[in-house]
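Examination of the molecular architecture
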Amino acid sequence: MEIMRLVVTGPVGAGKSTFIRSVSEIEVVDTDRRATDEALLIKKRTTVAFDFGRLQFGPDMALHLYGTPGQSRFDFMWDILIQKAHAYILLVAAHRPHEFREARRIMMFMKQRSPVPMIIGLTHTDCPGAWDAANIALALGYPNPSRRPPVVTVNANETASVAQAVIALVQHTWSGSLAATS
Amino acid sequence: MTVTGYLADFSLPELFQLLEQGNKTGLLTICTLADTKTAERYNHHIWFSQGQIVAAGNTLDQRGLMGLIARRGWMGDNAVSRLAQTCQINTPLGLCLKNQGVLTAEQLKLLFYTQVMRQVCALFALPDGWFQFDPKAPTPRAEMTGLIATATDVTLAGLRALKDWAALDEKLPAPTSALVSVIEGKPNLRLNPNEWQVWEFTNGTMAVADVAKQLNLPVAKVQQIAFRLIVTGLAEEMPLMAAPPPSSLALDDAPELEPSIASGKTAGAAPVSASFLQNLVGFLKSKV
């Protein structure tokens, strides 16, 4: 089975779970698991939670989507997900400027852990007070338009819009892998 | 496009950084929220040109700088007004008056300090306020001395002088985060000794709390210095992993999850083939 893993990340409330639910063919699994360390089994049990969705498009081909845990601390689960990912999308709610710094923190964490391609997905762009893509990119630390990742607008509630965002992410990954081999 | 919001959501230092890095030209208006006692609101205006601060004032009547000159006793209001009419349309008033020998370079510097540095730096203490950046606002020649300040310099001066950091508390880097430099080599800014000390730890490995311990400084003070380094474009907050990976995850009741994730091992992703990507894009296009 050939599997591509995409991670969906972003601040709480950016639309990660909805995004995965909109495109997954299975009921999204909201894993709420105990992380157990055998050596510390008795005293240490940590709860981790993340969303998992799947899209099977051939007998031996599937796309797996993982949403990063909702909690704000960056724990081992984030690390496992990003290390296993082929690419990720950072979702940012365009109408919540107070979350831009958190989005920046997440991006720095992800970049540090893995060099995989990423794109930025802007949600809630039709809400009052929403910032435009150029200013959000600036707020996320990308002053140079030619040196920033692709930015797409996405309605996490609509399958077609989410599919379009995933296409953008896959194509960005694809062009990156072509550039790497040429 | 106009940018609007509240300082409690997107702070003034962040806003200045955005305007500078975006090389923005236009007018930033900050409207204080109603005072609980007096119910009064105040407007503050800051003009930007190519990301740099060129003027500031409390009104849009183009008489702020003239008023400052008059208050200093260097010239009467009417005399400045008359001279201003003789200035070329694109020349800042201050520069025009200097060219006419009415003001000296030192006087211009003093005017700029009063008009921009003092007024704008005071705004960093605002607990909240509504802001709007209008990129279509005209450049106010009558408010301009002809001198400019980078938003970075104003931010650095404003935050160094800030006594009450409560309004920026949420914006400060977490004590558990590290700092990482985002520039090549050393900063060109004039950092103070404590800022230099914290700068030495911008290698992304040591948590802010540990830096504080190392430097024998309060954690809050190091957080504030770190924030200054971040909003002046020298460093970035780098969250560190909160807990080491466990030896296994209890995922036995989630059979849908593939074993490589469930195992918790972080060996990287196996590459996918070009035909896989082609098929995937084709499949997704059917959903659009």
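Provided above is the structure to which this section pertains.
Read on for an overview of the structure. Note that the coordinates shown come from a computational prediction; the quantities given were computed from them, not determined experimentally.

**Side note on the overall build of chain A**
The secondary structure content of chain A amounts to five helices and seven strands. Tracing chain A from N to C terminus, the helices and strands come up as β-α-β-β-β-α-β-α-β-α-β-α. Every one of the 182 residues in chain A was classed for burial, and the buried ones make up 59%. Long-range contacts, defined as pairs at least 24 residues apart, comprise 70% of the intrachain contacts of chain A with a sequence gap of at least 6. Accessible surface computed for chain A: about 7,100 Å², of which carbon and sulfur atoms make up 50%.

**A few points about the state of the cysteines**
Residue and element names in this part refer to chain B. For the coordinates displayed, the defined rule picks out one disulfide over all chains. Here Cys-87 engages in a disulfide with Cys-96; their sulfurs sit 1.9 Å apart. Between Cys-87 and Cys-96, the disulfide has an S-S torsion of -90 degrees and is therefore left-handed.

**What about the pairing of strand β4 (residues 52-57) of chain B?**
Residue and element names in this part refer to chain B. With five of six residues buried, β4 is to be regarded as a mostly interior element. In this sheet, β4 lies alongside strand β3 (residues 43-49) in antiparallel orientation, the contact comprising five bridges. Looking across to β4, one finds that Ile-46 is bridged to Ala-56. Hairpin connection between β3 and β4: a loop of two residues separates the two successive antiparallel strands, and Gln-50 in this loop has a positive phi of roughly 50 degrees. Where β4 lies against strand β6 (residues 149-150), two bridges are found, and the strand directions are antiparallel. Across the sheet, residue Ile-53 finds its bridge partner in β6, namely Ala-149.

**Points about the pattern of salt bridges**
Per the stated rule, a full pass over the model turns up eleven salt bridges over all chains. Between B:Lys109 and B:Glu106 there is a salt bridge; the shortest N-O distance is 3.6 Å. Taken as a pair, B:Lys109 and B:Glu106 lie in helix α5 (residues 105-123) at a separation of three residues, close to a single helical turn. What makes B:Lys109 partly exposed here is its relative accessible area of 49%. Residues joined in a network through salt bridges with shared partners are A:Arg101, B:Glu14 and B:Lys171.

What counts, and at which threshold
Residues numbered from 1 in each chain as written. Chains lettered and ligands numbered in written order. Predicted model: local features only at pLDDT ≥ 70, side-chain atom pairs only at ≥ 80, totals over all residues. Heavy atoms only, no water. Helix = DSSP H or I, 4+ residues; strand = E, 2+ residues; numbered from the N terminus. Buried < 20%, exposed > 50% of the residue type's maximum accessible area, 1.4 Å probe, protein only. Contact = heavy atoms within 4.5 Å. Areas by Shrake-Rupley, 256 points an atom, 1.4 Å probe, with all protein chains shown as cover. Disulfide = S-S within 2.5 Å. Pairing = 2+ DSSP bridges. Salt bridge = Lys/Arg side-chain N within 4 Å of Asp/Glu carboxyl O.

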